Amino acid sequence: MSDSVGAALTQARALGLHRLDAQLLLGRQLQQTRAWLIAHEDAALSAEQQQAFLALCRRRADGEPLAYLLGEREFHGLMLQVGPEVLVPRPDTETLVDWALQLLATPLACAPEVADLGTGSGAIALALKHRHPTARVCAVEVSAPALGLARANGTHHRLQIEWHLGDWWQPLAGRRFHLVASNPPYVAGDDPHLAALRHEPAPALTPGGDGLSALAHIVRGAPAHLHDGGWLLLEHGHEQANAVCRLLADAGFTAVQTRADLAGRPRCSGGRWTALR
Ligand code: GLN
C-alpha cells in the first residue's frame, strides 16, 4: 500500500504525535524541509518510506525523545549529534552557558582555562569554545560512548576541546581553572518525573537519594581546582537552589548567587573562589 505525504501525517496525528514532531520526522526521512511537506501533501510515499515513518512515529508516541529519533538537537546555536548515550541538551542549560560567557567577558591576563564536568554530548564545552574561542576548554565525561559522541561533535564543528574520560575531577588532578561549569545528575532517585525520562541515560539524570550527591562532590573538589577568583557554576533542580547555595557557602565560596532558567525557575547557582582572605 502506498500513500501520500498528507495521509502519512494524518496517520501520525492519529498515533498521538504533535504536528511539528510528525513533520520533522517525515522531513528527516524524505530529506525535505517542512515547507516542502506543506506544499507537497499529495506527493507519494513508497511503502518502505511509509512503514519506516510510522515505526518512528510509534517510538515517538512511546516517549522516545524527538532528538534521538532525529539524531540531533540544537544547543546555543550549535547543531549537536545526540543519541541515547547522552542526555538531550536542554534550553535550561543555555542559562548556565550564558552566565559563563558573561564571566568570560571580563578579560584576564591569559587565555581563560575552563572545564565542563560531565559533558555528555559536549554541549556546554562546545558552546563555550564556540562563543569564546580564546578559552582553553577541558571536558570530562565518565561514559566512554558519551565521550565518543562529544568528540565527534567537536570534530564536526572544528572546535578544539581537551576531552578526558573519567569521574568528575579525577582526570584533572593538579590542574586549576578560571571557570568550571557542570550540569551533573541532580534529579532525586524517587522523583516521579524520571518515568517520563526513561529513554535517557539514568546515570546522567540522577545520582539517587536526594539528588544532591554529585553536586556536593563537585563543590567539595572545586577549591583544589580553581584559580584565585575562579568561578564554579552548577545547574540544579528548581527546588535545590538553597541547598546548592549552602554547599557553596559552607565550602568557602563568595558572591554565591542563583540564576533562573527560561521558565523563571531557579536553575543554576555559583560562586567565586577566593584563595586568600
Ligand atoms: N533538567 C533535566 C530534567 O529534569 C535533568 C538534567 C540533569 O539531571 N542534569 O529533565
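Residues numbered from 1 in each chain as written. Predicted model: local features only at pLDDT ≥ 70, side-chain atom pairs only at ≥ 80, totals over all residues. Heavy atoms only, no water.

Caption draft 1: Seen up close, the site of the ligand. Neighbouring residues of the ligand: Leu87, Arg90, Asn183, Pro184, Pro185, Tyr186, Val187, His193, Leu197, Ala204, Leu205 and Glu235. Taking Leu205, its main chain carries an N or O atom lying 3.2 Å from an oxygen atom of the ligand. Contact with the protein chains removes 91% of the 300 Å² of surface that the ligand exposes when unbound. Broken down by class, the residue content of the shell around the ligand amounts to 8 nonpolar, 2 polar and 2 charged. (Near = heavy atom within 4 Å. Polar contact = N/O pair within 3.5 Å; in protein donor to acceptor, adjacent residues only side chain to side chain. Areas by Shrake-Rupley, 256 points an atom, 1.4 Å probe, with all protein chains shown as cover. Nonpolar A, V, L, I, M, F, W, Y, C, P; charged D, E, K, R; others polar.)

Caption draft 2: A look at the nonpolar core. With 29 residues, the main nonpolar core has Val97, Val114, Leu126, Leu128, Ile161 and Trp163 as its most contacted residues. Contributions of two or more residues to this core are made by strand 4 (78-81), helix 6 (92-104), helix 7 (123-131), strand 6 (136-141), helix 8 (144-156), strand 8 (177-182) and strand 9 (226-235). Membership of the second largest hydrophobic core comes to 28 residues, among which are Leu226, Leu232, Leu234 and Leu248. (Core = buried A, V, L, I, M, F, W, Y, C linked by side-chain atoms within 4.5 Å. Buried < 20%, exposed > 50% of the residue type's maximum accessible area, 1.4 Å probe, protein only. Helix = DSSP H or I, 4+ residues; strand = E, 2+ residues; numbered from the N terminus.)

Caption draft 3: Expanded view of the side chain of Gln23. Position of Gln23 relative to the elements: it lies in helix 2 (residues 19-30). Residue classification places Gln23 among the buried positions, given a relative accessible area of 3%. Residues contacting Gln23, with those up to four places away along its chain left out, are Leu9, Arg34, Leu37 and Ile38. (Contact = heavy atoms within 4.5 Å.)

Caption draft 4: Spatial organisation of the environment of Glu48. Secondary-structure assignment places Glu48 in helix 4 (residues 47-61). For the pair Glu48 and Pro192, spaced 144 residues apart in sequence, the C-alpha to C-alpha distance is 38 Å.

Caption draft 5: Spatial organisation of the pairing of strand 3 (residues 72-75). As defined by bridge partners, strand 3 adjoins strand 4 across 4 bridges and the pair is classed as antiparallel. The partner of Glu72 across the bridge, within strand 4, is Gln81. Where strand 3 folds back onto strand 4 in an antiparallel hairpin, the turn is made up of 2 residues, including His76, whose phi is positive at roughly 50°. (Pairing = 2+ DSSP bridges.)

Caption draft 6: Structural view of the side chain of His76. By the element assignment, His76 lies in the loop between strand 3 and strand 4. If we skip the residues at most four places from it in the chain, His76 touches Glu94, Val97, Asp98, Leu101, Ala127, His130 and Arg131.

Caption draft 7: A look at helix 8. For helix 8, which comprises 13 residues, the first-to-last C-alpha distance of 18 Å matches the rise-based estimate of 18 Å (1.5 Å per residue) to within 8%. Taken as a whole, helix 8 has its buried residues at Ala146, Leu147, Leu149, Ala150, Asn153 and Gly154. Buried residues of helix 8 fall within an arc of 160° about the axis and therefore sit on the same side. Looking at helix 8, the residues exposed on the side facing more than 90 degrees away from the buried face are Pro145, Thr155 and His156. Where helix 8 is buried, its residues meet strand 4, helix 7, strand 6 and strand 7 (162-165). With a side-chain oxygen positioned 3.1 Å from the backbone nitrogen of Ala146, the residue opening helix 8 is Ser143. Immediately downstream of helix 8, the backbone of Arg158 shows phi near 50°, a positive value. (Expected span 1.5 Å × (residues − 1). Arc of directions from axis to C-beta.)

Caption draft 8: Spotlight on the packing of helix 10 (residues 213-221) against helix 11 (residues 241-250). Look at helix 10 against helix 11: their axes get within 9 Å of each other, and the N-to-C directions meet at 20°. With respect to each other, helix 10 and helix 11 are oriented roughly parallel. The interaxial crossing formed by helix 10 with helix 11 has right-handed handedness. Residues Leu215, Ala216 and Val219 of helix 10 lie in contact with helix 11, whose contacting residues are Val244, Leu247 and Leu248. Its residues assigned to classes, the contact of helix 10 with helix 11 comprises 6 nonpolar, no polar and no charged. (Axes fitted to C-alpha atoms, helices over the stretch in contact; angles between N-to-C directions. Parallel < 35°, antiparallel > 145°, perpendicular 65-115°, else oblique. Left-handed = near helix turned anticlockwise from the far one by under 90°.)

Caption draft 9: Spatial organisation of the pattern of salt bridges. By the definition in use, this model includes 11 salt bridges. In this structure, Asp92 and Arg267 form a salt bridge, with 3.8 Å as the shortest nitrogen-oxygen distance. With Asp92 in helix 6 and Arg267 in strand 11 (residues 266-273), the pair connects residues that are 175 residues apart, well separated along the chain. For the pair formed by Asp92 and Arg267, the shared burial category is buried. Taking the shortest distance from any N to any O, the salt bridge between Glu162 and Arg175 comes out at 2.8 Å. One end of the pair, Glu162, is in strand 7; the other, Arg175, is in the loop between strand 7 and strand 8, and 13 residues separate them in sequence. Counted as one network, the salt bridges with shared partners bring together Asp92, Asp261, Arg265 and Arg267. (Salt bridge = Lys/Arg side-chain N within 4 Å of Asp/Glu carboxyl O.)

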